[in-house]
Amino acid sequence: MQTPKEALLAALKGEPIDFIPEVYSVMKDVVFPGERYFGKDNQPDPYGTGPDAWGVQWTNLGPNPLVNGNMVAKGFMLFDDIEDWQEKGKFPPLDFMPLEQIFQGMSAGMGVNRETDVVSCLLLSGQFERMNQMIGMENALCAFYESPEAVHAFFDAMCSYKLKCIDLAFQYLQPQVIHMHDDWGTNNNMFFDPELWREFIRPNEEKYARRIHELGGLYIHHSCGYIMQIVPDLAEIGVDAIEPMMVSNDLDALLEQYGDRITFMGGIDNQKLDLDATSEAEARAMIRAAMDRYAGKGRYLPYYIPTNEEKWFIYMDEVNRYGREVLRR
């Protein structure tokens, strides 16, 4: 029988698994330094506002930013025109960060056990996210049309920066997984035409996947929302897994067409699961129903983005329990 670590790594590689592992229980996401404001001296600051290493002001949405989330402070813009990114953008000076000590401290604080845990380096704020965090969503979407050369130049600079982050993560953290964020979708469509994604974003995604694989790692990409149109691209360029695959996506169709090429992490209705009105029994039934529906149809792992700590623990408990049974049914 596989250990949870062995089962998760096998699931991410598309290899046979003895049971369905619960991702949060076994994968420890060590955040690459500087991407968010979590509080002074890395201590959660309930509802506090402060800057990340890029100069973007963040507001925590609850007493535990890791669960309650955070967002760019209301009305904040670092600047308003992507044409000004070279003058006004601030790339953190990676060469001067004591990354080895930071990673060691974060790993110790998270209780990382390399014998039992899959170690992941979480790289937040991908190229599109970072652009809209700096100049605002409306300006960022317009920039594709109004300033395409500047967008290409900024994205290429972001790619070079992220590739360096990946190299440093492998040097000082030695993760099995690089977990990169870049949201591309609303609840029912992408933020932009898929052809814009293919022109501006896909080329750098290919570079990330290639570098991660060259260094012996696996690439999980996070994108909330509806991204059905570009799943074929993600499979083609070698992304190993995509999360959270919200239920607005047709996961049945995706597993049928691409379930042998990419691991789909999701299938849980987070907008319903995390409601206070959803009882524990209802939550557990929803989780089991998703696993019954998708498990065994391809490379699948249950997953969602929690915003309710109580429901998150229920979710982890149910997947850990039912995941041991569902493949035997």
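Check the entry above for the structure.
Treat the numbers as computed from the prediction; the structure is a model and nothing was measured.

## Quick notes on the overall build of the protein
Here is step 1: Within the protein one finds 15 helices and 10 strands.
Here is step 2: Computed over its C-alpha atoms, the radius of gyration of the protein comes to 19 Å, within 12% of the 20 Å expected for a compact globule of 329 residues.
Here is step 3: Looking at the protein alone, contacts between residues at least 24 apart form 67% of all its contacts between residues at least 6 apart.
Here is step 4: Within the structure as shown, the protein displays about 14400 Å² of accessible surface, and the carbon and sulfur contribution to it stands at 49%.

## So, the packing of aromatic side chains
Here is step 1: Scanning the model with the defined rule gives 22 aromatic pairs in all.
Here is step 2: With centroids separated by 5.0 Å and ring planes inclined at 85°, the aromatic side chains of phenylalanine 128 and phenylalanine 192 adopt a geometry described as edge-to-face. Of this pair, phenylalanine 128 sits in helix α6 (residues 127-135) while phenylalanine 192 sits in the loop between β6 (177-181) and α9 (194-200), placing them 64 residues apart in sequence. Just as phenylalanine 128 is buried, phenylalanine 192 falls in that class too.
Here is step 3: Residues tryptophan 312 and phenylalanine 313 carry aromatic rings whose centres are separated by 5.8 Å and whose planes lie at 25° to one another, so their mutual orientation is stacked.
Here is step 4: With a relative accessible area of 46%, phenylalanine 313 lands in the partly exposed category.
Here is step 5: Among the aromatic residues, those joined into a cluster by ring pairs are Trp54, Trp85, Phe91, Phe128, Phe144, Phe154, Phe155, Tyr161, Phe191, Phe192 and Phe200.

## Here's the deal with the environment of valine 23
Here is step 1: Mapped onto the elements, valine 23 comes out in helix α2 (residues 23-26).
Here is step 2: In the structure, valine 23 is positioned 95 residues away from valine 118 in sequence and 9.1 Å away in space, judged by C-alpha atoms.

## Concerning the sheet that holds strand β2 (residues 49-51)
Here is step 1: With respect to topology, 3 strands assemble into an open sheet ordered β2-β3-β4, the strand pairing being antiparallel. The open sheet terminates on both sides in strands that have one partner only, identified here as β2 and β4 (70-72). Taking the axes of each pair of neighbouring strands and ignoring which way they run, one obtains an average angle of 35° across the sheet.

## Focus on the pairing of strand β7 (residues 218-222)
Here is step 1: The buried fraction of β7 is high, at 5 of 5 residues.
Here is step 2: Neither face of β7 is exposed, since Leu218, Ile220 and His222 on one face and Tyr219 and His221 on the opposite face are all buried.
Here is step 3: Strand direction decides the pairing type here: β7 and strand β8 (residues 241-243), joined by 3 bridges, are parallel. Paired with histidine 221 across the bridge in β8 is isoleucine 242.

## As for the packing of helix α7 (residues 137-146) against helix α8 (residues 148-172)
Working note: a packed helix pair is described by the angle between its axes plus the distance between those axes.
Here is step 1: α8 packs onto α7 with a crossing angle of 115° between their chain directions and a minimal axis gap of 6 Å. Here α7 lies roughly perpendicular to α8, going by the angle between them. Along the contact surface, α7 presents Ala143, Phe144, Tyr145 and Glu146, while α8 presents Pro148, Val151 and Phe155.
Here is step 2: Partitioning the contact of α7 with α8 into residue classes produces 6 nonpolar, no polar and 1 charged.

## What about the nonpolar core?
Here is step 1: In terms of nonpolar packing, the biggest core is built from 101 residues, with Met131, Phe264 and Tyr315 touching the most fellow members.
Here is step 2: Per element, the largest residue contribution to this core is 13 residues, and it comes from α8.
Here is step 3: Apart from residues lying up to four places away in sequence, tyrosine 315 is in contact with Glu22, Tyr24, Ile268, Leu273, Ile287, Pro302, Tyr303 and Tyr304.

## Points about the environment of isoleucine 242
Here is step 1: Here isoleucine 242 lies in strand β8.
Here is step 2: Residue classification places isoleucine 242 among the buried residues on the basis of a relative accessible area of 0%.
Here is step 3: The spacing of isoleucine 242 and isoleucine 220 is 22 residues in sequence and 5.6 Å in space, taken between C-alpha atoms.

## Topic: the sheet that holds strand β10 (residues 300-303)
Here is step 1: The 7 strands are arranged β1-β5-β6-β7-β8-β9-β10 in an open sheet whose pairing can be described as parallel. Both outer strands of the open sheet, β1 (27-31) and β10, are each paired with one neighbouring strand and no more. Pairwise comparison of adjacent strand axes, ignoring direction, gives a mean angle of 25° for this sheet.
Here is step 2: Relative to strand β5 (residues 118-123), β1 runs parallel, the two sharing 5 bridges. Residue pairing for β5: valine 31 is matched across the bridge by leucine 122.
Here is step 3: Here helix α1 (residues 4-13) sits on the sheet and contacts β1, β5, β6, β7, β8, β9 (263-267) and β10; the angle it forms with β7, its principal contact strand, is near 75°.

Definitions and cut-offs
Residues numbered from 1 in each chain as written. Predicted model: local features only at pLDDT ≥ 70, side-chain atom pairs only at ≥ 80, totals over all residues. Heavy atoms only, no water. Helix = DSSP H or I, 4+ residues; strand = E, 2+ residues; numbered from the N terminus. Rg over C-alpha atoms; globule rule 2.2 N^0.38 Å. Contact = heavy atoms within 4.5 Å. Areas by Shrake-Rupley, 256 points an atom, 1.4 Å probe, with all protein chains shown as cover. Phe/Tyr/Trp six-rings, centres within 6.5 Å; stacked < 30°, edge-to-face > 60°. Buried < 20%, exposed > 50% of the residue type's maximum accessible area, 1.4 Å probe, protein only. Pairing = 2+ DSSP bridges. Axes fitted to C-alpha atoms, helices over the stretch in contact; angles between N-to-C directions. Parallel < 35°, antiparallel > 145°, perpendicular 65-115°, else oblique. Nonpolar A, V, L, I, M, F, W, Y, C, P; charged D, E, K, R; others polar. Core = buried A, V, L, I, M, F, W, Y, C linked by side-chain atoms within 4.5 Å.

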